[in-house]
Amino acid sequence: MAVHVPGLVAVIVFYIIILVIGIWASRKSKMVEKACVGNKSEITIVGGRNINVLVGVFTMTATWVGGGYIMGTAEAVYSPTQGLIWAMGPPAYLINFLLGGLFFAKPMRSKCYVTMLDPFQHRYGNMFTAALLLPALISDILWVACILAALGGTMSVILGLSSSLSIIISAAVSIVYTFLGGLYSVAYTDIIQLSFIFFSLWLCIPFLILSPAVSASSPTAFLNQSNDNSWIGELAPADAGKWADEMLLLALGGLAYQALHQRILSAASSAQAQVTCFAAAGAVFIMGIPSVVIGAVAASADWNQTAYGLPAPYERGEAGKVLPLALQYLTPSWVSVLGIGSVAAAVMSSMDSVLLSSASMFTQNIYKTTLRKQASERELQRVIRVSVLLVGLAGTGLAFGDDSVFALWLVSGDLIYCIILPQLVCVLHFRCANSYGAISGYIGGLLLRGLSGEPSLGIPPVLLYPGWREEAGVIRQYFPFRTLAMLTSLVCVLTVSWLLELGFCRQIIPQSWDVLSVFEVKRGAEGEEMPVPQEENKCILNTKL
């Protein structure tokens, strides 16, 4: 396929605009740093906590509306084995932001934390915090790979450009402006990117619906629900466990992403953080509607009436590229170029946020508190930039695979959902949680999730839950095993914490067995020694659900 020169020029111009805005925002960040008398690294991480509501809503929405969200939703609606009922992104993210505003925004922002890992560090110490960084880092790298893979597939279809070259160029642009300006560059470029995504995708919808390939197949092709053209999908009772598991993964897993809490912590107040979450809930749902329509149109189209021909994308194993294919073959050329621009914007709006979130956690919670406690502010800013570069390169390297965008999208949240979410809920809302419970919950959740297997990564299951099936030689679990791992981790944290606190405080367990020094010895009125939790003495995290 020849390179689409006008489209390539348009994309290059768009990239230049984004890069210029990012560089401008980096200068604004430096001006704020000069006027700041506190920690200058916090300007890079949380924007000095003066990001206004409008910018906050834009950057929070843009972070979630990435390539995986846009293309994964269209893929789910189009696939004959799934359909609209399996397109969980829009409703799941709506629930995610509502819960974030109700139960997480106020406890996090009122304590003036810098990263999501700060409450863990304050209660459990540095070693356990470092252990939590590992699954968060792996998840972020997989997320970067997912959104870059989405962009590579789109550009190769519409522009005829090499997928590898597209991935490298897009990653380089995102890394450069995130490297230079931190949260300021990310937030201000998100405004342009999200606006472009909204207008370009909605502009494509009329052309898709009125395409001759759609109207020629049947007068009611778009609403046709025959076996050959079913985009609503169905939920069989045997699949209910899998559906619930994936819905909860997307709806609750996002609550433990640093990218979410970075926007919450950058707000000027707790109330503003909550408003930002609630507004983003509606915005992210609206942004998912065009992808649903595109997937439905692709499922209803007669591909034999297009230059693509038969067999259809699903039969060719190209369901993951159905969005760019629909734009390429069902709309005019100039409309498809706008579509590729929207995907490029979505990719960069999510990638820059992921890069900054991982770099922030490593710098603030590992380098500053463990590796180099005396590090200067200038040194910390350099570490943030190097971390952005390394995470970007790791995610870019994984993006060259041919895995399904939807599968990568789900896998990227697995570790967050099963391991970090229950820990975050306990550390924010349960005063009884201590280091012993946290460690047991971490091990329990990780072990149970690992033994359940992961077909997308070629990991066979050791535990076979009720309802498992073997499909094309691959064993797939239809039991909500992710949710079971998450709940197991949550129960382990609370149960072990409560039992050990009871044992030490009532002196059932000898004080010498407190190897982690979780319980301090306090002298009673008559001189007897009474172990009490350190958190009670220090009044750490006095928050309630």
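Quick summary incoming for the structure in this document. Computed from a predicted structure; not experimentally measured.

Some remarks on the overall build of the protein chain
Of regular secondary structure, the protein chain possesses 19 helices and four strands. A buried classification covers 56% of the 545 residues belonging to the protein chain. Expressed as a percentage of contacts within the protein chain between residues at least 6 apart in sequence, the contacts between residues at least 24 apart total 81%. Of the roughly 21,500 Å² that the protein chain leaves accessible, carbon and sulfur atoms contribute 66%.

Remarks on empty space enclosed by the protein
Evaluation of the coordinates by the stated rule reveals four cavities of 30 Å³ or more. Counted as a void, the second largest cavity has a volume near 40 Å³. Lining the second largest cavity are Thr44, Thr178, Phe179, Leu180, Gly181, Gly182, Gln381, Ile384 and Arg385. Looking at the lining of the second largest cavity element by element, the count peaks at five residues for helix H8 (residues 163–209). Of the residues contributing to the lining of the second largest cavity, the split by class is three nonpolar, five polar and one charged.

A closer look at the side chain of Asp239
The residue Asp239 is located in the loop between helix H9 (212–215) and helix H10 (240–253) in this model. Filtering out sequence-adjacent residues up to four positions away, Asp239 remains in contact with Trp86, Arg469 and Tyr478.

Quick word on the nonpolar core
If you look at the biggest cluster of nonpolar residues, it comprises 147 residues, and the most contacted ones within it are Tyr15, Met155 and Leu208. Examining the composition of this core, we find that 16 residues originate from one element, helix H14 (residues 333–371), more than from any other. Those residues in contact with Leu208 that lie beyond four places of it in its chain are Val214, Ile294, Val297, Ala326, Leu327, Leu330 and Thr331.

Overview of a nonpolar patch on the surface
Among the surface-exposed residues, Ile23, Val176, Phe179, Leu180, Val386, Leu389, Leu390 and Leu393 lie close enough to one another that they form a single nonpolar patch of about 630 Å² accessible area. Every element with two or more residues in the nonpolar patch is listed here: H8 and helix H15 (377–398). The element that contributes the greatest number of residues to the nonpolar patch is H15, accounting for four residues. With respect to the helices and strands, Leu389 occurs in helix H15.

Thresholds, definitions, all that
- Residues numbered from 1 in each chain as written.
- Predicted model: local features only at pLDDT ≥ 70, side-chain atom pairs only at ≥ 80, totals over all residues.
- Heavy atoms only, no water.
- Helix = DSSP H or I, 4+ residues; strand = E, 2+ residues; numbered from the N terminus.
- Buried < 20%, exposed > 50% of the residue type's maximum accessible area, 1.4 Å probe, protein only.
- Contact = heavy atoms within 4.5 Å.
- Areas by Shrake-Rupley, 256 points an atom, 1.4 Å probe, with all protein chains shown as cover.
- 1 Å grid on protein atoms, 1.4 Å probe; cavity = no way out; pocket = protein on both sides within 12 Å on 5 of 7 lines; lining within 4 Å.
- Points joined across faces, edges and corners; volume = space filled by probe spheres on them.
- Nonpolar A, V, L, I, M, F, W, Y, C, P; charged D, E, K, R; others polar.
- Core = buried A, V, L, I, M, F, W, Y, C linked by side-chain atoms within 4.5 Å.
- Patch = residues over 30% accessible without salt bridge, like charges linked within 9 Å, V, L, I, M, F, W, Y side chains within 5 Å.
- Salt bridge = Lys/Arg side-chain N within 4 Å of Asp/Glu carboxyl O.

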